[in-house]
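Single-letter residue listing:
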Amino acid sequence: MFSSFMTNAWLSGTIVAILAGVVGFFVVLRAASFAAHAIPNGAFAGAAGANLVGLNPLFGLISFAIVAALSIGATSRRSRSDVATALSLVLMLALGAAFLTLSTEYEPAINALLFGEILGVSSSQLLPVLLLAVLCVVAILALYRPLVFTSVAPDLAAAKGVNATFVEISFLLVLALATALTVPIVGALLTFSLMIGPPAAARLLSKHPARALTLSITLALATVWASIACSFEFNLPIGFFVGTFGAVLYLCARVSHARRAVRSVA
Amino acid sequence: MTTRASLDAPTDILNVKDMEVAIDGRVILRDVDFRIGASEFTGLIGSNGSGKTTLFQVILGLRPTVAGTVSFHGQPLARRNRSIGYVPQKVLFDPEMPLRARDLVALGVDGHRYGLRRRSRAVLADIEEMLTAVDADGFADRRVGELSGGEQQRVLIAHALISRPELLLLDEPLANLDPGSAQEIIGLLHRVATDNRVAVLLSAHEMNPLLPVMDRVVYVANGRVASGTTDEVVRPDVLSALYGHHVDVLRVHGRVLVVASSSDEDDRMVSEHPDVVVK
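Residues numbered from 1 in each chain as written. Chains lettered and ligands numbered in written order. Predicted model: local features only at pLDDT ≥ 70, side-chain atom pairs only at ≥ 80, totals over all residues.

**Comments concerning the domain arrangement of chain B**
Where the parts come together, the accessible area they lose is often given as the size of the interface. Residues and elements named next belong to chain B. Where we set the bar: Note that the domain bounds reflect an automated or database-derived domain assignment. In DSSP terms, a helix is any run of H or I states spanning at least four residues, a strand is any run of E spanning at least two, and both are numbered starting from the N terminus. Side-chain classes follow a simple rule in which Ala, Val, Leu, Ile, Met, Phe, Trp, Tyr, Cys and Pro form the nonpolar group, Asp, Glu, Lys and Arg form the charged group, and the remainder, Gly included, forms the polar group.
You can read the domains of chain B as domain 1 (1–83 + 165–245) and domain 2 (92–161). If you average the C-alpha positions of domain 1 and of domain 2, the two centres end up 26 Å apart. Tallying contributions element by element places helix α5 (residues 179–196) first for the side of domain 1 that touches domain 2, with 6 residues. Its residues assigned to classes, the side of domain 1 that touches domain 2 comprises 9 nonpolar, 3 polar and no charged.

In structure tokens:
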């Protein structure tokens, strides 16, 4: 499981876990989980399209994820975005399906994109993933306080003169980039669970914002490492384990939170 | 409409002159004239939907005016004026949000700043002091979303005051509180505002709880305002002119009752306005 052939899997899994732990924390805090579900579908369509025309899939992933993120941002400022997000979600999935059918390498490609193929990460892919991940984390740290402020109390942030539109668009761009990096590794359908499960559990376990963020990263790392190990051991797609562990983590945190609430009342 | 000439006294921090505001082409407020002096406690009194929140948005620089001027220390209003603190009417906090009361107060110091800079000892001490000033020590480490309405109100006041504003705007802070909590918040506000030398503009649909602390009143009705001291504004002639029909003002046991003559139109007004009593 720790042979050189697996090195890239562990490295890329670690990068993606940290990224999902950081970005996902704000997805949960901003209640933007619907966007976090829609953007991976955009990324999926982009990768499928790039595959079809023979471009680097990372290029397709990033460009389509950004288009998806910006269109969600543009519609959500005007109205409640549920319908717009849902429609772009299915449109993207449909596009991806069409692109994949048109290309020759149908089945392995669709499996890798939808459910993840961590063993397929090559050394040449690793460096750009690392650089873009660092860029995302640095951007989030730079935005940290206004991002927390606009997430928890948008009215107060506006009164303090925080430019909510700038913060929102910057965050969606980071979310798009993070999604584009995560999709090839855990898959379009399950990127969502890595971005939501560990952070949602973390915010129930700690009431301290910075500690909850740290815990979110820790839980995401634990989820990914355990998933890689299980995927290797049982020869099942990694996405299956990421989705399952994410849900189990959240359930445990929920139970612990509820028990603490009962104790504080008693 | 003003009952007292709007003098540009050197102590004035906010001056509103002949202001008109419209939302989507519909005029909400017109001919608005009033001033707020340093460290004064002003009540903004009017029924729901009379335009009080709109007026706050204008003062915060979040909504443009159609006509007139709004000046802060004699200068036109700028967006991002950190000398104005704001407590909105209703802030919905998710009870599961990882944010303690003290974290919300801290965001009042640096929530608008980009980058990560450690909070200095002086800032942390300031946060502690402000939490104590609003009697929030007992719940400073609890999640904001789990606090009661009155507790959240205190934390929001601390959040707004921590950046040392000269003017504090509070939008209906008493609306969702029981009478006891409302009295506590008013007493606390008066004390903290006096200690910190902050002027307060507080909106409410009922003026009686504010009578002991109010220096001036801005009374909103029919899209217009009357302003001055309580004695200057809460008078039959002034309020009759504002409402556009005859009203009487009764003073009973230290309470003020604004009494309108009975008609269908006034019955509607009474239900929206607890200060107005049908004869």
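Having seen the model, we can carry on.
**Overview of unusual backbone geometry**
All names here are of chain B. Spelled out, the test is: Three classes are used. A residue is buried when 20 or more other C-beta atoms lie within 10 Å of its own, exposed when 12 or fewer do, and partly exposed in between, with C-beta atoms placed from the backbone.
In this structure, Asp-135 is a non-glycine residue whose phi angle is positive, near 60 degrees. For Asp-135, the location among the structural elements is in the loop between α3 (121–133) and α4 (149–161). Although it is not a glycine, Asn-222 adopts a positive phi angle of roughly 55 degrees. On the basis of neighbour counts, which here come to 14 C-beta atoms within 10 Å, the residue Asn-222 falls in the partly exposed class.

**Here's the deal with the environment of Ile84(B)**
One can find Ile84(B) in strand β6 (residues 84–87). Each C-alpha atom, one on Ile84(B) and one on Leu167(B), is 4.9 Å from the other, the two residues being 83 residues apart in sequence.

**Structural notes on the interface of chain A and chain B**
Note the following rule: For every residue pair, C-beta atoms are placed from the backbone, and the pair is scored as a contact if these atoms sit within 7 Å.
The interface of chain A with chain B comprises 26 residues on the first partner and 24 residues on the second. Breaking the side of chain A that touches chain B down by element, the ones donating at least two residues are α6 (123–152), α7 (154–159), α9 (188–205) and α10 (209–234) of chain A. The dominant element in the side of chain A that touches chain B, judged by the number of residues it contributes, is α6(A), at 9 residues.

**Digging into the sheet that holds strand β5 (residues 75–76) of chain B**
Residue and element names in this part refer to chain B. To be explicit about the condition: Note on pairing: two strands pair once DSSP finds at least 2 bridges between them. Axes here mean lines fitted to C-alpha atoms, for a helix over just the part in contact, with angles spanning 0 to 180 degrees between N-to-C directions.
Spatial strand order, β2-β1-β4-β5: 4 strands in an open sheet with antiparallel pairing. Strands at the two margins of the open sheet, each flanked by one partner only, are β2 (26–37) and β5. Two elements, strand β1 (residues 12–23) and strand β4 (residues 67–72), share 5 bridges in a ladder whose sense is antiparallel. Of the residues in β4, the one forming a bridge with Glu-20 is Ala-67. With respect to the sheet, helix α1 (residues 52–59) is in contact with β1, β2 and β4, its orientation differing from that of β1 by roughly 120 degrees.

**Some remarks on the nonpolar core**
Here is the rule we go by: Remark: nonpolar core denotes a set of buried Ala, Val, Leu, Ile, Met, Phe, Trp, Tyr and Cys residues whose joining runs through C-beta atoms within 7 Å.
The biggest cluster of nonpolar side chains holds 175 residues, and the ones touching the most others in it are Leu19(A), Val23(A), Ala65(A) and Leu175(A). With 14 residues, helix α1 (residues 4–29) of chain A is the largest single contributor of residues to this core. In this structure, this core is formed jointly by two domains, domain 1 (1–83 + 165–245) and domain 2 (92–161) of chain B, each of which donates at least three residues. Sequence-distant contacts of Leu175(A), that is, excluding residues within four places in its chain, are made with Val23(A), Val27(A), Ala35(A), Ala36(A), Ile39(A) and Ala69(A).

**Points about the packing of α4(B) against α5(B)**
All names here are of chain B. Formally: Angle categories are assigned with fixed cut-offs, so that under 35 degrees is roughly parallel, over 145 is roughly antiparallel, 65 to 115 is roughly perpendicular, and the rest are oblique. Definitions for this section: a left-handed crossing has its near helix turned counterclockwise from the far helix by less than a right angle. A right-handed crossing has that turn clockwise.
One can describe the packing of α4 onto α5 by two numbers: an axis separation of 11 Å at closest approach and a directional angle of 15 degrees. Judged by the angle between their axes, α4 and α5 are roughly parallel. For the pair α4 and α5, the crossing hand works out as right-handed. On α5, the residues that touch Gly-150, Gln-153, Arg-154, Ile-157 and Leu-161 of α4 are Ser-181, Ile-185, Leu-188, Leu-189, Val-192 and Asn-196.

**A closer look at the pairing of strand β9 (residues 216–221) of chain B**
Residues and elements named next belong to chain B. Counting buried positions along β9 yields 6 of 6 residues, so the element is predominantly enclosed. Covered by surrounding structure in β9 are Arg-216, Val-218 and Val-220 together with Val-217, Tyr-219 and Ala-221, the residues of both alternating faces. Where strand β3 (residues 41–45) lies against β9, 4 bridges are found, and the strand directions are parallel. Note on β9: the bridge partner recorded for Ile-45 is Tyr-219. Relative to strand β10 (residues 224–228), β9 runs antiparallel, the two being bridged by 5 bridges. Bridging from a neighbouring strand, Val-220 pairs with Val-225 of β10. The antiparallel pairing of β9 with β10 creates a hairpin that spans 2 residues between the two strands, and Asn-222 there sits at a positive phi of about 55 degrees.

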